[in-house]
Amino acid sequence: MRNGACCSSSGKRFWFGDCELKWKFKSLIHRPEKIVKSLKRNRTLQSLTLDFNKIGNEGVAALVNSLKVNTNLQTLDLESTGISDEGGRMLIDLVKCNTTILDITVMPGNKISEKTQEEIRNYLGLNKAASSDKMVSTLK
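Here goes a summary of the coordinates provided. Counting restarts for each chain: residues are numbered from 1 in the order of the written sequence. It should be noted that, the model being predicted, local features are given only for residues of pLDDT at least 70 and side-chain atom pairs only at 80 or more, the latter also being counted only at that level, while totals for whole chains, interfaces and linings use all residues. Side-chain measures here rest on the full set of heavy atoms in the structure, leaving out hydrogens and waters.

### Considerations on helix 3 (residues 85–97)
Only runs of H or I of at least four residues qualify as helices and only runs of E of at least two qualify as strands under DSSP, and these elements are numbered from the N terminus. How far a helix is expected to stretch is found by multiplying one less than its residue total by 1.5 Å. Taking 1.5 Å as the rise per residue, helix 3 with 13 residues should run 18 Å; its terminal C-alpha atoms sit 19 Å apart, in good agreement. Partly exposed residues are those whose accessible area sits between 20% and 50% of the maximum for their type, while under 20% is buried and over 50% is exposed, using a 1.4 Å probe and protein chains only. Among all positions of helix 3, only Gly87, Gly88, Met90, Leu91, Ile92, Leu94 and Val95 are buried.

### A word on helix 2 (residues 56–67)
The end-to-end C-alpha separation of helix 2 is 16 Å, in line with the 16 Å expected for twelve residues at 1.5 Å each. All of the buried residues along helix 2 are Gly56, Asn57, Gly59, Val60, Ala62, Leu63, Val64, Ser66 and Leu67.

### Details of the packing of helix 2 against helix 3
To get an axis, fit a line to the C-alpha atoms, keeping to the stretch in contact for a helix; angles then go from 0 to 180 degrees between the N-to-C directions. At a minimum axis separation of 9 Å, helix 2 and helix 3 run at an interaxial angle of 5°. With respect to each other, helix 2 and helix 3 are oriented roughly parallel. Residues Asn57, Val60, Ala61, Val64 and Leu67 of helix 2 form the contact with helix 3, whose participating residues are Glu86, Gly87, Met90, Leu91 and Leu94. In this scheme, roughly parallel covers angles under 35 degrees and roughly antiparallel covers those over 145, while 65 to 115 is roughly perpendicular and the rest are oblique. Residue contacts are defined here by distance: any two heavy atoms, one from each residue, within 4.5 Å place the two residues in contact.

### Regarding the environment of Met107
Within the secondary structure layout, Met107 lies in the loop between strand 6 (103–105) and helix 4 (114–139). Its relative accessible area of 29% is what places Met107 among the partly exposed residues. For the pair formed by Met107 and Ser80, sequence separation is 27 residues and the distance between their alpha carbons is 7.1 Å. Not counting residues within four places of it along the chain, the set of residues in contact with Met107 comprises Glu79 and Gln117.

Just geometry here; none of it tells us what the structure is for.
See the structure below:
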């Protein structure tokens, strides 16, 4: 038996006990509340890949809500997930308030403007700098 929280969607199981979760099937989240509820409580997952799952802006809103309180996740991959600038702005709000997120991939395959992508990159850069500063102060 594996350690960690188990979640089920459409009869499929996935585990959050490991440090990384990749889900490559299309239409994983018809009802994102299941994964979102688990993400709020999870303290081990560091990387989440939802590429090619059509979660759209609604799914991003649910993810952002849960990831604002998840201080362990560092990487979020959301290529080809049906996100527009609206979802991109939600991701900006996420990286502003959750500085543990260091990398978000949203392209290719989403309709997010270059301006919004650049703003996401800028805040991720600030998070990376803050993370680096924390590591240096820990080593002193």
